[in-house]
Amino acid sequence: MKYIFRDFNEQPIEERKITISKELVEVHEESLTIALSYIKKYSSNHYNLIEQCCKKILLFKTDPKNTNSFATINAHGMAFLNVFQKEYDEVFFVDDIAHQTGHIIMTTITFKRKDYFLIDENLNIKSIVNNPKEYRSFYILFHALYTYYTTILCLDNCISNNCFDKRQAHEAIGRIGFYLIKYNLDINTFNNVIKHYGGIEKVLTKNSISVFETISDMCVRSCKKYGYTFTEFSYRNQPYNFTYKEFTKLNPLKTNE
């Protein structure tokens, strides 16, 4: 697996910087198993897709400056979860399983890309959206939108079915608010690409238009349900990966929540 782990510049990461061990699995196996059972019971459609497309989950630990959790076509069907925070429990695993398997499912669905994209899906969208900080291709943007959908779907279903205790629910709602900020930004970016090409029918085939409509509807519904997080919570101290410890510094759990 040493050729699978790449840094943000797509360079191999030194083996000594990656921890993969039986002990690491033993620490997290219970929470991982519980999270999968929640997804299976309360997000069954997504779980069915996981069973079809994802065959393995690998837990590893490394400094997130090296790499985050990921899925890659170079080991298709595997979700790689970076459990670098020792306090991770089933809330994290519901989130990260939904996220990384979302990538795997979307890669599988869009294997024949020309059945889904009418433009060059590898096109860097920086110049189109007039954002010098934008580094992604259109294909990566589409992936990101789908993983917001899968992650919020699974977290929301867990909250709605009282899977989490009070503290965990606080974290799960915090995570949803965190992703909704990115979700809205990327929906706007996507719409700017559509506008540039003169309409969605010039960018996506009928197959992928229906996928995008599902993604967009989830964003609208989630904003209606969890829009209060935009004003009640502060995320200004959050790193790239949501960190509950940092979240509670600015948004402490209230005893009456």
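Everything here concerns the structure above.
Quick summary incoming for the structure in this document. Sequence order as written defines residue numbering, which begins from 1 separately in each chain. With the structure being a predicted model, the display of local features is reserved for residues of pLDDT at least 70 and the display and counting of side-chain atom pairs for 80 or more, all residues being used for whole-chain, interface and lining totals. Each side-chain value is worked out from all heavy atoms of the structure, with water and hydrogens disregarded.

The next subject is helix 6 (residues 166–197). Strands are runs of DSSP state E lasting at least 2 residues, helices are runs of H or I lasting at least 4, and numbering of each runs from the N terminus. How far a helix is expected to stretch is found by multiplying one less than its residue total by 1.5 Å. With 32 residues, helix 6 should cover 46 Å at 1.5 Å per step; its first-to-last C-alpha distance of 46 Å lies within 8% of that length. Nitrogen and oxygen atoms within 3.5 Å of one another constitute a polar contact, given that in protein one can donate a hydrogen and the other can accept it, and given that sequence-neighbouring residues count only through two side-chain atoms. Measuring from the backbone nitrogen of Arg 167 back to the side-chain oxygen at the start of helix 6 gives 3.2 Å, which picks out Asp 165 as the cap. With its phi angle positive at about 85°, Gly 198 sits one or two positions after the end of helix 6.

Side-chain pairing between opposite charges can occur once the charged atoms of the two side chains come close. Note on definitions: salt bridges are taken to be side-chain nitrogens of Lys or Arg within 4 Å of carboxyl oxygens of Asp or Glu. With the rule as written, the count across this model stands at twelve salt bridges. A salt bridge links Glu 14 to Lys 17, with the shortest nitrogen-to-oxygen separation between them at 3.7 Å. Through salt bridges with shared partners, one network takes in Asp 89, Asp 95, Arg 167, Glu 171 and Arg 175.

A few words on the state of the cysteines. The term disulfide refers to a covalent linkage connecting the sulfur atoms of a pair of cysteines. Cysteine sulfur atoms that pair up within 2.5 Å are treated as a disulfide. For the structure on display, the rule yields zero disulfides. In this model Cys 54 remains outside any disulfide bridge; the closest cysteine sulfur is found in Cys 53, 8.4 Å from its own. Just so you know, Cys 158 is unpaired, no disulfide at all, and the nearest cysteine sulfur is the one on Cys 163, 4.3 Å from it. Using a relative accessible area of 1% as the deciding quantity, one classes Cys 158 as buried. Per-residue accessibility, obtained with a 1.4 Å probe over protein chains only, is compared with the maximum for each type, and a residue is labelled buried under 20%, exposed over 50%, and partly exposed between these values.

Here the focus is the nonpolar core. In this structure, Phe 93, Val 94, Phe 138, Phe 164, Tyr 183, Phe 190 and Leu 204 are the most contacted members of the largest nonpolar core, which totals 72 residues. Ranked by residue count, the leading element in this core is helix 5 (residues 138–160), at 15 residues. Look past the residues within four positions of Phe 138 in its chain and what remains in contact with it is Phe 117, Ile 119, Glu 121, Leu 123, Ile 125, Phe 190, Val 193, Val 203 and Leu 204. Core analysis: the next-biggest nonpolar cluster, separate from the first, contains ten residues, Ile 4, Leu 58, Phe 60 and Phe 70 among them. Only buried residues count toward a nonpolar core. Its members are Ala, Val, Leu, Ile, Met, Phe, Trp, Tyr and Cys residues joined through side-chain atoms within 4.5 Å. For this analysis, residues touch if any pair of their heavy atoms sits within 4.5 Å.

Another point: unusual backbone geometry. The general pattern is negative phi for most residues beyond glycine and trans for most peptide bonds. Its identity as a non-glycine residue notwithstanding, Glu 10 has a phi of 65°, on the positive side. Within the element layout of this structure, Glu 10 appears in the segment before helix 1 (22–42). Using a relative accessible area of 55% as the deciding quantity, one classes Glu 10 as exposed. With phi around 55°, Asn 162 is a residue other than glycine that occupies positive phi space. Position of Asn 162 relative to the elements: it lies in the loop between helix 5 and helix 6.

Turning to helix 7 (residues 206–226), a few remarks are in order. Taking 1.5 Å of rise per residue, 21 residues should cover 30 Å, and helix 7 covers 30 Å from first to last C-alpha, within 8% of that figure. Regarding helix 7, the residues found buried are Ser 208, Ile 209, Val 211, Phe 212, Ile 215, Met 218, Cys 219, Ser 222 and Tyr 226. Each element contacted by the buried residues of helix 7 is listed here: helix 3 (90–109), helix 5, helix 6 and helix 8 (229–232).

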